[in-house]
Amino acid sequence: MSRWIPEAATELDVCLAEAILEGGGPVLRDASRRTSRDARWILGLLGLRGLRVTENDVLAVLEQRPGRFRPEHVESAWIRGFRRAIDAIDRAADFGRLPTRQTVQDLIEALGDAGSCVRNLPRTDLPWDAIEGVDYVPVDRAAEVLDQFSVESAWRHVHGTMDAGPSHPVRSAAAVCRAFVELSPFVDFNLPIACLVASQVLESSGYPTFLVHAGDRGTLREVIKEPLPIYEHWFAEVVLASWHVLGRSAA
C-alpha cells in the first residue's frame, strides 16, 4: 500500500506550516472563532440528520433567546446535544486522545437531552439513515466491532491491512469516518457521530475539524461508496475548506 496523500491534504499541510511560522496557533484553539465554528458545525451535523436550519436558529437556541424553536422542541434538544458533543470532542483532542469505544459512548451521552428522542439503541436491522450500496457490518458483529473501535481498527477495516498505515492524519480521519458509517451501530445518528469521531482524529493532530455543511448530506451518502482515492480526495477537500472557512470567520 502506497503512502499516497490527497493533494488537498498536502495543501493543508502547507497552510498549517505557514500559520505556525507566522506565530498562529491551531485554528480550533482560537476562542474568537469558536462561536462561529460551533454554529457552522452544528448546522452541518443537523444537515446530516436531514434537518435544515439557519445559523440564527442555532444561535438562538444556544443563547437561550426567542427564535424558531422553543426550548421543548426536539430540534432545540438536538442543537444543545450537538453543542455538548463538540465540547467532548474538543476536550479529548486537547489531550491528544484518539477515538475509541469510550469516545462513542461519551458522544451518545452528550446527545442525550430531555426531549431529544435520540434513538441510540443498538440497531437490529439497517439503521434509519441507511445508505443504499454500503456494505454494513452484520448486526450480530456490530457490538464486537464497536468495542474494539480505534483508528487502527478503522484503517484495517477500510484498507484491509495495516501495511503502511495509518499515515497522514487526514487519511486516518477519513478511514475512521468511513469505517463508522459502515459499522453504524445505532438505530440513528450514525452519520453525525462518524463525522464527530473523524474530527477528533484531526483536532488531536492540530488539524481543523471536518466541517461538513448542511448540503453535504447527499454528497457524503454518495461518495462514501466510491473507491477510496475518490472518497479520500473529497474528504481532504472538505477539511481544507474548513481551514479557509474558519480563517475567514476570524477576519
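Student: Summarise the overall build of the chain; cite the residues concerned and give the values.
Tutor: Secondary structure summary: the chain contains eleven helices and zero strands in total. Counting all 251 residues of the chain, 53% fall into the buried class. For the chain, the proportion of contacts with a sequence separation of at least 24, taken over those separated by at least 6, is 74%. Entry remark: accessible area of the chain is about 11,300 Å², with carbon and sulfur atoms responsible for 51%.

Student: An account of unusual backbone geometry is requested, with residue identities and associated values reported.
Tutor: In the Ramachandran plot, Gln64 falls in the positive-phi region, its phi being about 55° despite a non-glycine side chain. For Gln64, the position within the fold is in the loop between helix H3 (55-62) and helix H4 (74-94). In this structure, Ser184 takes a positive phi of about 35° despite not being glycine. Among the structural elements, Ser184 can be located in the loop between helix H8 (169-183) and helix H9 (190-204). By relative accessible area, which is 2% here, Ser184 ends up buried.

Student: Account for the state of the cysteines, naming residues and giving values.
Tutor: In protein structure, a disulfide is the covalent linkage between the sulfur atoms of two cysteines. A complete count under the given rule lists zero disulfides for this structure. Cysteine Cys177 remains unbridged, with the sulfur of Cys195 as its closest cysteine sulfur at 4.3 Å. For Cys177, a relative accessible area of 0% gives the class buried.

Student: Tell me about the packing of H8 against H9, and name the residues and values.
Tutor: Orientation of H8 relative to H9, taken along the N-to-C sense of each, is 160°, at an axis distance of 8 Å. Between H8 and H9, the interaxial angle falls into the category roughly antiparallel. Helix-helix and strand crossings are classified by hand; for H8 and H9 the assignment is right-handed. Along its contact with H8, which presents Pro169, Val170, Ser172, Ala173, Val176, Cys177, Phe180 and Val181, the element H9 presents Asn190, Leu191, Ile193, Ala194, Cys195, Val197, Ala198, Val201 and Leu202.

Student: Hey, could you go over the pattern of salt bridges for me, with residue numbers and the actual values?
Tutor: Under the defined criterion, the tally for this structure stands at 13 salt bridges. Between Asp147 and Arg101 there is a salt bridge; the shortest N-O distance is 3.6 Å. Here Arg101 lies in helix H5 (residues 101-111) and Asp147 lies in helix H6 (residues 139-147), a separation of 46 residues in the sequence. A salt bridge links Glu222 to Lys225; the nearest nitrogen and oxygen atoms lie 3.7 Å apart. For Lys225, a relative accessible area of 32% puts it in the partly exposed group. Within this structure, Arg37, Asp38, Arg83, Asp87, Asp90 and Glu203 form a network of salt bridges that share partners.

Student: Talk me through the packing of aromatic side chains; I want residue IDs and the actual numbers.
Tutor: Applying the stated criterion across every chain, the model contains six aromatic pairs. Ring plane angle 85° and centroid distance 5.6 Å describe the contact between Phe149 and Phe180, whose orientation is recorded as edge-to-face. On the criterion of sequence distance, the pair formed by Phe149 in the loop between H6 and helix H7 (151-159) and Phe180 in helix H8 is long-range, its members being 31 residues apart. In this pair, the class of Phe149 matches that of Phe180, namely buried. Seen in terms of ring centroids, Tyr231 and Phe235 are 6.2 Å apart; in terms of plane orientation they differ by 55°. Their pairing is tilted. Placement of the pair is Tyr231 and Phe235 together in helix H11 (residues 228-249), with a separation of four residues, close to one helical turn. Judged by relative accessible area, Tyr231 falls into the buried class, the value being 1%. Taken together, the aromatic side chains of Phe210, Tyr231, Trp234 and Phe235 make up a single cluster linked through ring pairs. A cation over a ring is seen here: Arg49 above Trp128, with NZ or CZ 4.0 Å from the ring centre.

Conventions used here
- Residues numbered from 1 in each chain as written.
- Predicted model: local features only at pLDDT ≥ 70, side-chain atom pairs only at ≥ 80, totals over all residues.
- Heavy atoms only, no water.
- Helix = DSSP H or I, 4+ residues; strand = E, 2+ residues; numbered from the N terminus.
- Buried < 20%, exposed > 50% of the residue type's maximum accessible area, 1.4 Å probe, protein only.
- Contact = heavy atoms within 4.5 Å.
- Areas by Shrake-Rupley, 256 points an atom, 1.4 Å probe, with all protein chains shown as cover.
- Disulfide = S-S within 2.5 Å.
- Axes fitted to C-alpha atoms, helices over the stretch in contact; angles between N-to-C directions.
- Parallel < 35°, antiparallel > 145°, perpendicular 65-115°, else oblique.
- Left-handed = near helix turned anticlockwise from the far one by under 90°.
- Salt bridge = Lys/Arg side-chain N within 4 Å of Asp/Glu carboxyl O.
- Phe/Tyr/Trp six-rings, centres within 6.5 Å; stacked < 30°, edge-to-face > 60°.
- Lys NZ or Arg CZ within 6 Å of the ring centre and 35° of its normal.

The values are spatial; any link to function lies outside them.
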